[in-house]
Amino acid sequence: MSKIWKKTENKILIILLLFSISIGLWNNFRQLWMQDNGLDPIQISRILSFGTLSCVIGILIFSKYIKLNKIKNFITIALLIKIINLVILFFINNTNLGSFINLSIIIDIIIERLIIISIYPLIVTIKKSNTLYSKRKLVEYTGRDLGVLIGGFVIGKTILGIVFNYNLCLLISIIFSVISLIILSNVKLESVETKTSNENIFKYIFTNKFRTTYIIYYLIGEVAYSTALGLKMLTLTNYLNFTDSAATKYFLIIGILADIIGIVALKFLTPKNDYITITIKFGIRFLGYTLAFLSNNIVVVICAMSWSLLVSTAYENVTDAPYINSIELDKQLAYTNLRYMVGSLGEAIGTFLCGIMYAIGLRYMFGLSAFFMLAQLILAYILIHQRRKLNIK
């Protein structure tokens, strides 16, 4: 443990793990918490969509004023704001302060996203590799799954005479955020000395065919994923008649298996041919979504959802890392900000479309997602071809 703690990048990953536990616990029940506060699924999708879309503005401000040598201070302040905001949500639960709840949810989404995007640019100033990028993602996903595990263990249980409901799960989430803040405040980082590029990041990206293709691919991918799974908890509980406990256990099992698959795939099962890797991750997902739409069968829908979640953490050393790590260090922070802006836009669009399709029928969520998946798959193949021509590994 002491060897792990000696490395600065590992300390950051531990902080990310704790923060991700907080996110996983809260986000797993957030939709149900909102429903308990009088919001219907369409209203929830619009609030989540607007919150995610607002992240674009937040990231623009972040990218303009926050530099690499200020990231630790920024994360510390952002964590503190998030904790205060969640405490407010805890106390206004079931108070009929609908507008205030909506605003706090939006603020929470923005702050959470800004903290997450701050992690990898800081790590790459210490060490930069495709494997470390995958580790960072796996730590985040594992933390989220641990949060789901904690929620699944306590939800609905009576412990010491206290019935653990969604609001108490929110309180536990706050505690994990507080712990991560305490550890972060005691981490000493070496001074970051990197030159700042004066080149406009939009010009840098969109005057280059390879980088432009990746950004479009990433946007469409986020739209596709969120169109099918933007309201996954409500889909299981309202459409598929899962209890909140059963839905949590489902996400927990799927999440743990996804983490295992991600780790095993990274170490042992990444095909040498990247076209095969892309087909495994996205091609099978596209086929599952198409079958879910055409068959309108509950079993097929659950299988399609499960596969999509199972491979969500796998092969990111192929699907994303080469494109991110091809960016020069002095542009890494600006590029990461732009990438998350695009991702937030895609997630917002997808979640909004998910709410519309949710009202029409379950199959249409997957049918529309399959349409975007096809475009993503084609662009993924094109990117591999471009990468080989440019000799980017």
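Residues numbered from 1 in each chain as written. Predicted model: local features only at pLDDT ≥ 70, side-chain atom pairs only at ≥ 80, totals over all residues. Heavy atoms only, no water.

What exactly am I supposed to notice about the overall build of the chain here?
Per the secondary structure count, the chain includes 17 helices and two strands. Looking at the chain as a whole, 56% of its 393 residues are labelled buried. Relative to all contacts within the chain whose residues are 6 or more apart in sequence, the contacts with residues 24 or more apart total 84%. As presented, the chain carries roughly 17400 Å² of accessible surface, and 66% of it is formed by carbon and sulfur atoms. (Helix = DSSP H or I, 4+ residues; strand = E, 2+ residues; numbered from the N terminus. Buried < 20%, exposed > 50% of the residue type's maximum accessible area, 1.4 Å probe, protein only. Contact = heavy atoms within 4.5 Å. Areas by Shrake-Rupley, 256 points an atom, 1.4 Å probe, with all protein chains shown as cover.)

Before we go on, may I ask you to explain empty space enclosed by the protein in this structure?
Remark: the empty space left among the atoms is shown by a probe the size of a water molecule rolled over them. Within this structure, the stated rule accounts for four cavities of 30 Å³ or more. Considered as a void within the structure, the largest cavity measures approximately 1500 Å³ in volume. Within the lining of the largest cavity, the residues separate by chemical class into 18 nonpolar, 16 polar and 16 charged. (1 Å grid on protein atoms, 1.4 Å probe; cavity = no way out; pocket = protein on both sides within 12 Å on 5 of 7 lines; lining within 4 Å. Points joined across faces, edges and corners; volume = space filled by probe spheres on them. Nonpolar A, V, L, I, M, F, W, Y, C, P; charged D, E, K, R; others polar.)

I would appreciate a short explanation of the nonpolar core in the present structure.
Nonpolar side chains in soluble globular proteins tend to be buried together. Ranked by internal contacts, the top residues of the largest apolar core, which has 117 residues, are Trp33, Leu89, Ile105, Tyr214 and Phe366. A total of 14 residues in this core trace back to one element, the largest contributor, which is helix α2 (residues 8–36). (Core = buried A, V, L, I, M, F, W, Y, C linked by side-chain atoms within 4.5 Å.)

Explain the pattern of salt bridges to me, please; I cannot follow it from the model alone.
When the charged atoms of two side chains with opposite charge come close together, those side chains can pair. As enumerated under the stated definition, the model contains four salt bridges in all. In this structure, Arg30 engages Asp108 in a salt bridge whose closest nitrogen and oxygen atoms are separated by 3.4 Å. Of this pair, Arg30 sits in helix α2 while Asp108 sits in helix α5 (residues 98–124); the two residues are 78 residues apart in sequence, bridging distant segments of the chain. Among the residues examined, Asp108 registers a relative accessible area of 0% and is labelled buried. In this structure, Asp108 and Lys82 form a salt bridge, with 2.4 Å as the shortest nitrogen-oxygen distance. With Asp108 in helix α5 and Lys82 in helix α4 (residues 71–91), this pair connects stretches of sequence that are 26 residues apart. A residue is classified by how much of its surface remains accessible, and Lys82, at 2% relative accessible area, is buried. Here the salt bridges do not stand alone but share partners, grouping Arg30, Lys82 and Asp108 into one network. (Salt bridge = Lys/Arg side-chain N within 4 Å of Asp/Glu carboxyl O.)

How should helix α16 (residues 332–360) be read in this particular structure?
Every α-helix carries 3.6 residues per turn, so stepping three or four residues along brings you back to the same face. Its 29 residues give α16 an end-to-end C-alpha distance of 41 Å, which sits within 8% of 42 Å, the value for a rise of 1.5 Å per residue. Counted residue by residue, α16 has 21 buried out of 29 residues, so it is predominantly covered. (Expected span 1.5 Å × (residues − 1).)

Help me out: how do you make sense of the packing of helix α12 (residues 274–295) against helix α17 (residues 362–389) in this one?
How two helices sit against one another is set out by the angle between their axes and by the gap between those axes. For the pair α12 and α17, interaxial distance at closest approach is 8 Å and the crossing angle is 165°. Taken together, the axes of α12 and α17 lie roughly antiparallel to each other. Viewed along their axes, α12 and α17 form a crossing whose handedness is left-handed. A per-class count over the contact of α12 with α17 returns 17 nonpolar, seven polar and five charged. (Axes fitted to C-alpha atoms, helices over the stretch in contact; angles between N-to-C directions. Parallel < 35°, antiparallel > 145°, perpendicular 65-115°, else oblique. Left-handed = near helix turned anticlockwise from the far one by under 90°.)

How should I be thinking about unusual backbone geometry in this particular structure?
As a rule of thumb, non-glycine residues mostly have phi less than zero, and peptide bonds are mostly trans rather than cis. Phi is positive for Asn94, close to 55°, though the residue is something other than glycine. Summarising the element assignment, Asn94 is placed in the loop between α4 and α5. For Asn94, a relative accessible area of 53% corresponds to the exposed category. Positive phi outside glycine occurs at Asn296, with the angle close to 55°. Residue position: Asn296 is located in the loop between α12 and α13 (298–310). Residue Asn296 is classed as partly exposed on the basis of its relative accessible area, which comes to 44%.

Looking at this structure, I do not really get the side chain of Asn28. What am I missing?
Mapped onto the fold, Asn28 is located in helix α2. Accessibility expressed as a relative area gives 7% for Asn28, which makes it buried. In this structure, Asn28 is in contact with Ile23, Val148, Met233, Thr248 and Phe251, ignoring residues within four places of it in sequence.

How should I be thinking about the packing of α12 against α13 in this particular structure?
Closest axis-to-axis distance for the α12/α13 pair is 9 Å, and the angle between their directions is 160°. In terms of orientation, α12 and α13 fall into the roughly antiparallel class. For the pair α12 and α13, the sense of crossing is left-handed. Touching Ile280, Lys281, Ile284, Arg285, Gly288, Tyr289, Leu291, Ala292 and Ser295 of α12 are Val300, Val301, Ala304, Trp307 and Ser308, all from α13. Residue composition of the contact of α12 with α13, by class: nine nonpolar, three polar and two charged.

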